[in-house]
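Residues per chain are reported as follows:
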Amino acid sequence: MQKIILATGESLQITNNNFAAEVTEGFQPAILARLVDGETLAIHMKNAVDPEWCQQVTERFIQHPATTTENVTPPLYSLGSHLYSCATGDEVSGYFLDVERMNGAIKSVLPEGHDPIVAFLQEACELNNAKFEYLSCNGMSVRHGSLRIWGKGVQASNDKQYYFAAPHEDYEETNANHPALHQIYGLNNLYSIILCIDAVVDREPETLVWNRRMTLEEIRNPDNKHAWSSYGYKESLIEGIDAVSIRLKKGDAAIIPAHNVHAVIGHPGFNRCSYMAFFHLVKTSPAGFSKMVFRT
Ligand SMILES: O=C(O)CCC(=O)C(=O)O
Ligand SMILES: [Fe+2]
């Protein structure tokens, strides 16, 4: 068992008796089926993209005029739109109009407009004879992921780790808030693919994924809310639960079940940039999957 005391005083007891992320060298689209079939909880793909590519994308992203601060604590800066920050039932004006604007911005940041996350996921679909769909509405669709700066503006009086993202999940409530999105409604899963495009050597944050899902009732119970983060849940809900820790270096990628509780802990003063997206899977047979729906 590993005990982590955060700068803010919370303690996280990380047990991993039965879990570890499966580690590969480079992008391995064939491995996605193992995650889907429950043979592994998370995947860490080392050296998935070239560090020089990462550098170029990071610089263009940070300088992009549309990169803005999100209205959350701990702080987060991003270029991209998010379904979770869109009001209930307000997909068209809240999310898809923004997505249309962001598709162009992200494309302009990616060299030659090539999106390595979309390419990887499409390849994984081909290998599984599965259909790939962009989440769409009224002729608008989510064609790229989202760029983020984690840890910027985080200050601490000691050198302990700090939440860059408090323990949270990205599926239940967001899905419940958007029943009109038929492509994804009721799919009961959501994975996140995260590409680390900038991190300081030896000060890379850790992504923690617990073997724990929350029900909508637990999510909506105000007693479960995190003490000081603007979102997420308190630590007692994950106490003693097995977790996987993934430490992404620049150029590494991970796939995690975002329907499980997860968090990011980092070192104050050491930012990390990522390019990430979400996807849902339709599973019609015990092995593999038949369709993937891409979104942010
Ligand atoms: O960047 C990570 O490691 C995880 C990010 C995350 O939890 C999210 O974007 O919802
Ligand atoms: Fe998340």
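Since the structure is predicted, the reported quantities are computational estimates derived from the model, not experimental observations.

Novice: Explain the environment of Lys 283 to me, please; I cannot follow it from the model alone.
Specialist: Inspection of the secondary structure puts Lys 283 in the loop between β17 (272-282) and β18 (291-295). As for Lys 283 and Phe 164, which are separated by 119 residues in sequence, their C-alpha atoms are 32 Å apart. If sequence neighbours within four positions are ignored, Lys 283 has contacts with Val 36, Phe 289 and Ser 290.

Novice: How should I be thinking about the environment of Thr 73 in this particular structure?
Specialist: Within the secondary structure, Thr 73 sits in the loop between β5 (68-69) and β6 (76-79). Under the C-beta neighbour-count criterion, Thr 73 is labelled partly exposed, with 15 such atoms within 10 Å. Separated by 81 residues in the primary sequence, Thr 73 and Val 154 have C-alpha atoms spaced 9.7 Å apart. Those residues in contact with Thr 73 that sit more than four places away from it in its chain are Ser 229 and Ser 230.

Novice: Explain unusual backbone geometry to me, please; I cannot follow it from the model alone.
Specialist: Among all residues save glycine, negative phi is the norm, and among peptide bonds the norm is trans. A cis geometry characterises the amide bond from Thr 73 onward to Pro 74, with omega recorded as -5 degrees. Within the fold, Pro 74 resides in the loop between β5 and β6. With a phi angle near 50 degrees, Asn 47 is a residue other than glycine that sits in the positive phi range. Assignment of secondary structure puts Asn 47 in the loop between β4 (43-46) and α2 (51-63). Notably, Glu 112 is not glycine yet its phi reads approximately 55 degrees, a positive angle.

Novice: How should the environment of Val 57 be read in this particular structure?
Specialist: With respect to the helices and strands, Val 57 occurs in helix α2. The class of Val 57 is buried, set by 22 C-beta atoms lying within 10 Å. In sequence terms Val 57 and Gln 122 are 65 residues apart; their C-alpha atoms lie 21 Å from each other. Each residue touching Val 57, except ones within four places of it in the same chain, is listed here: Val 109, Leu 110, Ile 197 and Tyr 275.

Novice: Sorry, what's going on with the sheet that holds strand β14 (residues 243-246) here?
Specialist: Within a beta sheet, neighbouring strands are joined by backbone hydrogen bonds and run either parallel or antiparallel to one another. With respect to topology, four strands assemble into an open sheet ordered β11-β16-β13-β14, the strand pairing being antiparallel. The outermost strands of the open sheet, each flanked by one partner alone, are β11 (162-168) and β14. Pairs of neighbouring strands in the sheet enclose a mean axial angle of 15 degrees, with direction left out of account. Direction of pairing for strand β13 (residues 206-213) relative to β14: antiparallel, over a ladder of four bridges. When the sheet's bridge partners are listed, Trp 210 is paired in β14 with Ala 243.

Thresholds, definitions, all that
Residues numbered from 1 in each chain as written. Chains lettered and ligands numbered in written order. Predicted model: local features only at pLDDT ≥ 70, side-chain atom pairs only at ≥ 80, totals over all residues. Helix = DSSP H or I, 4+ residues; strand = E, 2+ residues; numbered from the N terminus. Contact = placed C-beta atoms within 7 Å. Buried ≥ 20, exposed ≤ 12 C-beta atoms within 10 Å, placed from the backbone. Pairing = 2+ DSSP bridges. Axes fitted to C-alpha atoms, helices over the stretch in contact; angles between N-to-C directions.

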